[in-house]
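# Descriptive structure summary
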Amino acid sequence: MLQDAAGAANARAASKMDETAVIRAVQGGDQDAFERLVRAYDQSVLRLAINLLRSPEDARDVYQEAFLRVYRNIHTFRFDCSFHTWLYRIVTNICLDHLRKRKVRREEAAVIDTADGPVDRMDSFEEEGPDADPERQMWNNQLSGRIQAALAGLTPRERMVFELRHYQGMRLRAIGDVLGTSEEAAKNCLFRATQKMRTVLGDLI
Amino acid sequence: MTCDEVTRAIPLYHYGELASEVEEGVEDHVESCASCRAELAYQKALAAALDRHDLAPPPELLTECRHELVRAVYREETPAARRNASDPWGLFRDAFRSLWHPGIRFGQPIGAMALVALGFFAARFTGSFPGATLGGLAPDAIVSSIRSVQPDNTGRVQISLDETRRRVVSGRLEDQDIRRLLLAAAREQDNPGVRVESVQLLTDQSSSAETRSVLLEAVMRDPNPGVRLKALQGLKSFSTDPEVHRTLTQVLLKDQNAGVRMQVIDLLIAHQDAATAGVLQALIGKEDNSYVRMRCQNALRDMNASVGTF
């Protein structure tokens, strides 16, 4: 057990050293290294954007803008924090801008009305399972709609903290670092977000 | 700890964000308090429901984003560099000068840098090669992989690559060539989006035996239920055709998707006969979906057939 833990710690240290070397190579103009850096993080960045914004178009914009900013500004990265924190600061700022803009022009719902009734644009992302049961699917749709409403009721910051903690598994301390706030403030945000969701989802769970 | 304190601590307890002494306090309290235990169970159920709401970005979107990033990085170059296409290496030299900020080290030999650029733009991201006129590479070429790179001592390099070219063709649905392409697209293994669009377009042409055969194959074998449902729509007017009828019967008894089975029932009962009643009776015996079972029972009642087999 102890050996496993030591092995994991060594692997983390080795991967951190490896990442430092990659970042230095990118700063030295190595395009191959830039590609490696993008590939190490781009899936989780896209996942964060798509879950937060629930729009493939917006998620695509966030992806482009974030990695272009990394590309243009990597020479300013001084290893004062982890690259993950630095990248996520960029990504969360862009996402928060999107969420705030959306609040101004009212929530752009993922669910749109069509001639065949309301359709969630994100449904096309989830391949229907072979054992899909209409009854369960109906319940899932109802739950999905309610979760959507619950998430829409959160402030952009609450939504961000919840997303980073629940879906991305980040610790509240790291979330505080990314969002430029304290761990305590992130904790309060998470608590408020959870309470709001419990209120909206109430009887359905 | 009081119930009120524990209730407030439960979300953070769930996420493992409490100090260890507070965590122990919650655990001790929950062990002896049914109401707080229920609160904790609710928190777990809430988290599980939210987990199911998590969206994984589809691989196509990730690929598109990567391609767009390559193009966006390329666009960062100056227009002057883009015009400098007569010198193939100049394209990359100038692109690189503008891509990187002046403070960044730029000491590598130009040839080596150009090679890296080529690798980045053309091979690793497998994106389209943006507007290049390099060494006879077609402007609309898609480089799928670089096989070998051999520099020589004059500063030139020989690159062996696999090149495919994207073409756009357009025409009316009745055009022979367009139809041929649609029939091929309906079997395109790697892209369910292409298959669903093609099958949708082919549904209006199911009077052709060739089209019908592709639709039947899709209904029987396509792994995507969306494609199978579209193909069923195309077969709607042919449910009495013996081959179509036989295929629909097989699909009804073996398809794993309840939505597909429901649609097949609708097609089969449009022409009621004893054979259809027999199939529905056989299905009821093994069907575990309550909606499909109910649909079968109603259909059998409409056909004045018994719901069970005797």
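Nothing here was measured: the structure is a model prediction, and the numbers come from that model.

Counting secondary structure elements, chain A contains 8 helices and 2 strands. When the helices and strands of chain A are listed from N to C terminus, the series reads α-α-α-α-β-β-α-α-α-α. Among the 205 residues that make up chain A, the fraction classed as buried is 33%.

Helix and strand counts for chain B stand at 15 helices and 2 strands. Taken over 310 residues, chain B has a buried fraction of 30%. Restricting to contacts in chain B with at least 6 residues of sequence separation, those with at least 24 account for 47%.

With that settled, consider the packing of helix 14 (residues 274-286) of chain B against helix 15 (residues 290-302) of chain B. All names here are of chain B. Packing of helix 14 against helix 15 brings their axes to within 10 Å, and their N-to-C directions diverge by 145°. Considering only the axes of helix 14 and helix 15, their crossing is left-handed. The residues of helix 15 that touch helix 14, namely those facing Ala 277, Leu 280, Gln 281, Leu 283 and Ile 284, are Arg 293, Cys 296, Gln 297, Ala 299 and Leu 300.

Residues and elements named next belong to chain B. Model confidence for chain B is summarised by a mean pLDDT of 75, while 75% of its residues fall at 70 or above. For residues 77-133, every residue scores under 50 in pLDDT, and the model assigns this stretch 88 contacts once sequence neighbours within four places are set aside. On the interface metric, ipTM, the complex scores 0.76, and its pTM is 0.50.

With that settled, the discussion passes to helix 6 (residues 156-167) of chain A. Residues spaced three or four apart along an α-helix point in a common direction, a consequence of the helix completing one turn every 3.6 residues. Residue and element names in this part refer to chain A. In this model, helix 6 (12 residues) spans 16 Å end to end at C-alpha, consistent with the 16 Å of a helix rising 1.5 Å per residue. The element helix 6 is extensively covered by neighbouring structure, given that 9 of its 12 residues are classed as buried. Residues of helix 6 that are buried include every one of Glu 158, Arg 159, Met 160, Val 161, Phe 162, Glu 163, Leu 164, Arg 165 and His 166, and no others.

Residue and element names in this part refer to chain A. As for its position among the elements, Ala 186 is in helix 8 (residues 183-201). With 24 residues separating them in the primary sequence, Ala 186 and Phe 162 have C-alpha atoms 9.1 Å apart. Those residues in contact with Ala 186 that sit more than four places away from it in its chain are Val 161, Leu 172, Ile 175, Gly 176, Leu 179 and Thr 181.

What follows concerns unusual backbone geometry. Residue and element names in this part refer to chain A. You will see that Arg 54, though not glycine, has its phi angle at about 50°, which is positive. Along the polypeptide, Arg 54 turns up in the loop between helix 2 (31-53) and helix 3 (56-73). The class for Arg 54 is buried, based on 23 C-beta atoms found within 10 Å.

Across soluble globular proteins, nonpolar side chains have a tendency to be buried as a group. Residues and elements named next belong to chain A. Grouped together as the largest cluster of nonpolar side chains are 53 residues, with contacts concentrated most on Ala 49, Tyr 63, Val 91, Cys 95, Val 161 and Ile 175. The element contributing the most residues to this core is helix 2, with 11 residues. Dropping the residues within four chain positions of it, Ala 49 is found in contact with Asp 58, Ala 59, Val 62, Tyr 63 and Cys 95.

Right, let's talk about helix 14 of chain B for a bit. Residues and elements named next belong to chain B. Over its 13 residues, helix 14 extends 19 Å from the first C-alpha to the last, a length consistent with the 18 Å expected when each residue adds 1.5 Å. Among the residues making up helix 14, those that are buried are Thr 276, Ala 277, Val 279, Leu 280 and Leu 283. Projected down its long axis, helix 14 shows its buried positions confined to an angular sector of 160°, all on one face. Facing away from the buried side of helix 14 by more than 90 degrees, the exposed set consists of Ala 274, Gly 285 and Lys 286.

Quick look at the environment of Leu61(B) now. Within the fold, Leu61(B) resides in helix 4 (residues 59-75). The contact partners of Leu61(B), leaving out residues within four places of it in the chain, are Leu46(A), Pro56(A) and Arg60(A).

Criteria and cut-off values
Residues numbered from 1 in each chain as written. Chains lettered and ligands numbered in written order. Predicted model: local features only at pLDDT ≥ 70, side-chain atom pairs only at ≥ 80, totals over all residues. Helix = DSSP H or I, 4+ residues; strand = E, 2+ residues; numbered from the N terminus. Buried ≥ 20, exposed ≤ 12 C-beta atoms within 10 Å, placed from the backbone. Contact = placed C-beta atoms within 7 Å. Axes fitted to C-alpha atoms, helices over the stretch in contact; angles between N-to-C directions. Left-handed = near helix turned anticlockwise from the far one by under 90°. pLDDT = per-residue confidence, 0-100. Expected span 1.5 Å × (residues − 1). Core = buried A, V, L, I, M, F, W, Y, C linked by C-beta atoms within 7 Å. Arc of directions from axis to C-beta.

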